Amino acid sequence: MKKIVVAVLALALLSVTSFCILSGAVSAEKANVTIRENILYGDKSYAKGVTVWTEAHFDEHLFWDTAYTIGDTPTIMTDYEFHYDKLYQTDERNYHAVELDCDFRFGVDTSTPAEESIGLQKAYRELFDATAPGMQGKQLIRLQEYYTYYPVRVAIDLPGTVWNGNDYDRLRSDDYINERAVWDKFNAFFRIPIPEDLPPLEISVTKDSRGECIGVGSSGHAVDFYFNVRSAYTGDRVFFSIGNKYDLKDGEVTKYIDTSLIPGGYGIYSFTYKNVRNSKNTKGNATYFYPGYETGVEQESLAMVFPLEQHAEVIYLTLSNDEHDLLIFTRERGVTYLTVVEIDSMTKRQKLPITEAQQFTFYEYDNCIVLSGWDYLSVIEKQEDGLCRLAFTVSRKQEINDHTIQKGVATAMAFDGKKLAIVDRTAEKTYGTLELCGFTVAIYDCTGLVYYGEYENSLSVAADPNDYAINCLPIRYRVCWTE
């Protein structure tokens with residue numbers, strides 16, 4: 001395989017007229033893609049019917065899509081493509097919906113007098129004015145003396161919307177009137193008072209001998225509160241949550257912020273939006289920020305739509321497949337819960353305790369949601385009626401037969417209603433930590449791990465085990481149950 005891959009690429013780089021030769025060479029070689037199975041634990045019958053697709057490439061010119069089905073007699077099928085010009089793979093666009101941050105500005109704006117400055121920039125400018133050339137000035141300040149409420153920085157990233165991304169102080173002209181209106185609405189809505197018990201913050205300004213600012217700094221508990229937005233969105237509506245805690249003494253003491261001034265209080269918030277990426281807002285594929293451009297955000301729709309208890313921390317938001325229900329994962333007094341809320345009425349349909357574990361990653365698929373921790377798995381099945389059930393929570397084995405189970409970021413999962421198949425990339429033993437085209441398959445059911453195997457792909461034969469550029473490498477993996 002190594003020789004034919006190198007030869008094919010060499011032909012490709014020589015001339016466009018190589019197409020016929022290349023086609024024949026690759027056609028003859030495609031049947032030679034093989035996968036070797038190495039069963040390390042359990043009974044392979046639990047994995048019968050699992051099909052793993054491996055998409056791999058060589059130097060972005062040659063591409064293989066290999067389907068391997070586990071069974072008494074495993075089957076393997078490979079499709080391939082050749083591209084004379086390099087073909088780079090792109091992932092599907094991932095929108096962040098809405099992001100909120102505390103808009104504290106650290107630094108000196110020497111173009112704006114202290115009396116015209118606001119917030120921390122006012123504090124820094126006052127210290128700058130009081131510092132002699134060639135000296136460093138320091139001062140303890142209290143955020144409460146410069147802010148009444150936490151300043152909110154807004155970022156919108158939704159399909160069909162237009163968002164410039166400037167800081168608020170650059171949106172003062174009428175060219176940005178609609179984007180500024182969104183900022184104003186969010187700041188008026190999320191009025192969260194700066195707590196009175198915050199410790200002071202030390203700021204510093206350093207001047208050179210000519211009196212110019214050459215450095216600024218801060219020390220102490222500068223930012224104690226983070227919005228930690230979790231969000232989910234439909235084609236015209238966004239749902240999101242915010243954090244409601246702040247820290248004292250670098251996290252040693254955690255307290256709740258005051259959410260009483262937020263209309264409706266603490267909970268799940270929502271606003272609507274529309275597609276404004278039309279001929280007026282765009283030129284070709286580029287966004288055109290015309291004077292007074294529409295953002296698509298309908299800020300007047302911003303509202304609290306589902307209340308939460310103060311102790312409930314939202315850790316994940318998603319939607320049912322039909323977008324009929326909102327799925328809210330919260331951590332409450334050490335337990336993770338899933339609450340299913342009907343969107344039309346914003347009423348609770350179900351609240352399901354999931355796990356007491358604190359560290360995990362969410363993986364979401366059409367028929368299930370998996371909470372994957374280092375030592376355990378929780379599998380939540382999505383049912384046809386829109387409700388969910390906890391299929392199982394089990395421990396994950398760490399060592400089997402002197403082998404360590406791969407438990408990093410899973411590349412693909414599939415659930416058949418009883419068993420969960422997890423596919424991971426595997427570091428090829430021959431080449432140390434170089435991740436080539438092999439994979440591992442782990443099968444879990446309600447009893448725990450029932451099967452674990454490694455699958456070595458012949459495309460992993462490397463010309464140089466230390467050089468990614470001249471090896472076949474994986475693009476992505478997919479997995480499903482075909483039986």
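Our subject is the structure that appears above.
Described in the following lines is the structure provided in the data block. Nothing here was measured: the structure is a model prediction, and the numbers come from that model.

Notes on the overall build of the protein
Step number 1: Across its full length, the protein holds four helices and 32 strands.
Step number 2: Of all 483 residues assigned to the protein, the portion counted as buried reaches 48%.
Step number 3: Across the protein, every contact between residues at least 6 apart in sequence was considered, and the portion connecting residues at least 24 apart equals 60%.
Step number 4: For the protein, the accessible area works out to roughly 23600 Å², and carbon and sulfur atoms hold 47% of it.

Some thoughts on the layout of surface pockets
Step number 1: The calculated volume of the largest pocket comes to roughly 1200 Å³.
Step number 2: Listing elements by their share of the lining of the largest pocket, those giving two or more residues are β5 (97–102), β10 (230–233), β18 (313–319), β22 (361–364) and β32 (472–481).
Step number 3: Tallied by class, the residues present in the lining of the largest pocket amount to 17 nonpolar, nine polar and eleven charged.
Step number 4: Approximately 480 Å³ is the volume attributed to the second largest pocket.
Step number 5: Around the second largest pocket, the lining is made up of 20 residues, and of these R105, I118, Y168, D169 and R172 lie nearest the centre.

Some details on the nonpolar core
Step number 1: In terms of nonpolar packing, the biggest core is built from 63 residues, with L100, F186, F190, F240, I242, F271 and L326 touching the most fellow members.
Step number 2: Formed by 19 residues, the second largest nonpolar core is a distinct cluster that contains V52, I70, I443 and V450.

Quick notes on the sheet that holds strand β6 (residues 136–141)
Step number 1: With antiparallel pairing, three strands are arranged side by side in an open sheet as β6-β8-β9. The sheet terminates laterally at β6 and β9 (213–219), the two strands that pair on one side only. This sheet shows a mean twist of 15 degrees between the axes of neighbouring strands, independent of strand direction.
Step number 2: Relative to β9, strand β8 (residues 201–207) is paired through six bridges, and the arrangement is antiparallel. If you follow V205 over to β9, its bridge partner there is V216.

Observations concerning the environment of G165
Step number 1: By the secondary structure assignment, G165 is in the loop between β7 (152–157) and α4 (177–189).
Step number 2: When the C-alpha atoms of G165 and E179 are compared, they prove to be 9.1 Å apart, with 14 residues separating the residues in sequence.
Step number 3: Residues in contact with G165, not counting those within four places in the same chain, are R153 and E179.

What counts and how
Residues numbered from 1 in each chain as written. Predicted model: local features only at pLDDT ≥ 70, side-chain atom pairs only at ≥ 80, totals over all residues. Heavy atoms only, no water. Helix = DSSP H or I, 4+ residues; strand = E, 2+ residues; numbered from the N terminus. Buried < 20%, exposed > 50% of the residue type's maximum accessible area, 1.4 Å probe, protein only. Contact = heavy atoms within 4.5 Å. Areas by Shrake-Rupley, 256 points an atom, 1.4 Å probe, with all protein chains shown as cover. 1 Å grid on protein atoms, 1.4 Å probe; cavity = no way out; pocket = protein on both sides within 12 Å on 5 of 7 lines; lining within 4 Å. Points joined across faces, edges and corners; volume = space filled by probe spheres on them. Nonpolar A, V, L, I, M, F, W, Y, C, P; charged D, E, K, R; others polar. Core = buried A, V, L, I, M, F, W, Y, C linked by side-chain atoms within 4.5 Å. Pairing = 2+ DSSP bridges. Axes fitted to C-alpha atoms, helices over the stretch in contact; angles between N-to-C directions.

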